[in-house]
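# Overview (structure and organization)
Okay, here's what each chain looks like letter by letter:
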Amino acid sequence: MSRRAERDVAFHYDVSNEFYALFLDPRMVYTCAYYRRPDAGLATAQEDKLELVCRKLQLAPGERLLDLGCGWGALALWAAERWGVEVHGVTLSAAQATWAAEAARRAGLAGRVRIERADWRDVAPEKPYDKIAAIGLIEHVGRARHPAYFAQVHRLLTPGGLFLNHGITCRAGARRTSEMAFLQRHVFPGGELAPLDAIVGGIERAGFEIVDVEDLRPHYARTTRQWVERLQANAERARALVGERVYRTYLAYLAGASVAFDEGWIALHQVVATRRGAVRTPATREAVYALPWRTTVDRAS
Amino acid sequence: MATRSERRIAAAARLVRLVLDGLDVPLAVRLWDGTLVAPAAGAPRVTLAFRSRRVFRRLFARPTPLRFGEAFIASEIDLEGDIFEALRATHRLEDARWGLGTRLAMWGAWLRT
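Residues numbered from 1 in each chain as written. Chains lettered and ligands numbered in written order. Predicted model: local features only at pLDDT ≥ 70, side-chain atom pairs only at ≥ 80, totals over all residues.

## Concerning the overall build of chain A
Broken down by element type, chain A carries 12 helices and eight strands. Against the globule reference of 19 Å for 301 residues, chain A gives a C-alpha radius of gyration of 18 Å, in line with a compact fold. Along the first, second and third principal axes, the C-alpha atoms of chain A reach 55 × 45 × 40 Å. For chain A, with 301 residues in total, the buried portion stands at 47%. (Helix = DSSP H or I, 4+ residues; strand = E, 2+ residues; numbered from the N terminus. Rg over C-alpha atoms; globule rule 2.2 N^0.38 Å. Buried ≥ 20, exposed ≤ 12 C-beta atoms within 10 Å, placed from the backbone.)

## Points about the overall build of chain B
Within chain B one finds five helices and four strands. When its helices and strands are written in sequence order, chain B yields α-β-β-β-α-α-β-α-α. In summary, chain B has a C-alpha radius of gyration of 13 Å against a globular reference of 13 Å for 113 residues, a match within 12%. For chain B, the residues scored as buried account for 34% of the 113 residues in total. Considering only contacts within chain B whose residues lie at least 6 apart along the sequence, 58% involve residues at least 24 apart. (Contact = placed C-beta atoms within 7 Å.)

## Notes on the interface of chain B and chain A
Tallying the contact residues gives 14 residues for chain B and 17 residues for chain A. Sorting the residues of the side of chain B that touches chain A by element identifies helix 3 (65-73) and helix 4 (83-95) of chain B as the ones contributing at least two each. For the side of chain B that touches chain A, the element with the most residues is helix 4 of chain B, which contributes six residues. Residue composition of the side of chain B that touches chain A, by class: eight nonpolar, four polar and two charged. (Nonpolar A, V, L, I, M, F, W, Y, C, P; charged D, E, K, R; others polar.)

## Quick look at the environment of Y247(A)
All names here are of chain A. Checked against the element boundaries, Y247 lands in helix 11 (residues 235-263). Judged by the 23 C-beta atoms lying within 10 Å of it, Y247 is buried. As a C-alpha pair, Y247 and Y13 span 234 residues in sequence and 14 Å in three-dimensional space. Not counting the four nearest positions on each side in its chain, Y247 is found in contact with A235, A238, R239 and V242.

## Brief notes about the pairing of strand 5 (residues 157-170) of chain A
Residue and element names in this part refer to chain A. Of all the 14 residues making up strand 5, 10 are buried; the element is thus mostly covered by neighbouring parts of the structure. Of the pairings in the sheet, the one linking strand 4 (residues 129-135) to strand 5 comprises six bridges and is parallel in character. Bridge pairing in strand 5 places A133 opposite L164. Examined bridge by bridge, strand 5 and strand 8 (residues 266-275) share nine bridges and lie antiparallel to one another. Bridge pairing links L164 to V272 in strand 8. Where strand 5 meets strand 6 (residues 194-195), two bridges bridge the pair, whose relative direction is parallel. In the sheet register, T169 faces strand 6, and the bridge partner there is A194. In this region the chain leaves strand 5, passes through helix 8 (residues 178-186) and returns to the parallel neighbour strand 6; the handedness of that crossover is right-handed. (Pairing = 2+ DSSP bridges. Right-handed = clockwise from strand over helix to strand, strands pointing away.)

This is the structure in structure tokens:
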């Protein structure tokens, strides 16, 4: 486990579970939501995102799913509960790991969801996984380590298995702005964005075939805007929990992110790839959208 | 005759106007004495408020999103109104390319603040 990665992750994700709960949805999903219906609230849009990921991964009961960078465990719980898979969730954040394991236990899923505090480099299963999801992990890997990261995912996946990489991308050829310096200094130490071509190329070079790419940029503009509005609505509680400086840091970073997604300076790409082997991907995208959506009715949020 | 602090405020207002004219953003700036400098066209949607001349001089010596961001989280400046518009506005500083004449006018005004 890298000390530096550990420190960088703790800096951001161990701020306070209670603080994150002030602006995230009840499932504590801290990545781009999916507003399938235009009037959806945050909680529904996050469930629809979890559902979209499970569909793109074509989960089937009994399969083994690795959730790299599992956060507070929302996808792990959703996949185990709704799709009947065995999930191994991995996060480097101690605060997240404790929360996620407790959530799995409360949901009666402790037998099917195993949460581990570990670095992506140190995951060593007895046998490869059928599916791997990495939602919002790539931004923390660092471009220098992309080849090692994609090679590790390749090693961990069974031939013909599916890998979904969900992450923020910058524009090809984008120069480093002073906003990126602000993020690295005050919000995400060790964080680094890559353009889509680098991510797709990196995945291919590791031995995968790219089967699907989708841009969710407008969805992240909206997600981050909702987070800002919720955080502002809970300003007093937030200040009491983390202090004025951290409160303002999150306001500035989330509002800045919303504007950046809105203007197209950055984007959010889901890339689905299959480890070359027996090709199991369907011929059309209909399989992803044909099933009735099983997410809950909209809640005001 | 204007006092020294009045001359400083006038110079700061001139400097803010030069910057705002180049950016075309719905952002107003409130100076440390309460003077509001609004954009030439349209109603402002957010106000950037300075409490001290010292912070104003430091930020406007080299205005960048990073420096505004750091001043904001340190509570040296405040934002009133639409925070998204403020972030949109400061990003414009990244791409701003002022002509030599404007830059000289800015420096002249800055020196008098």
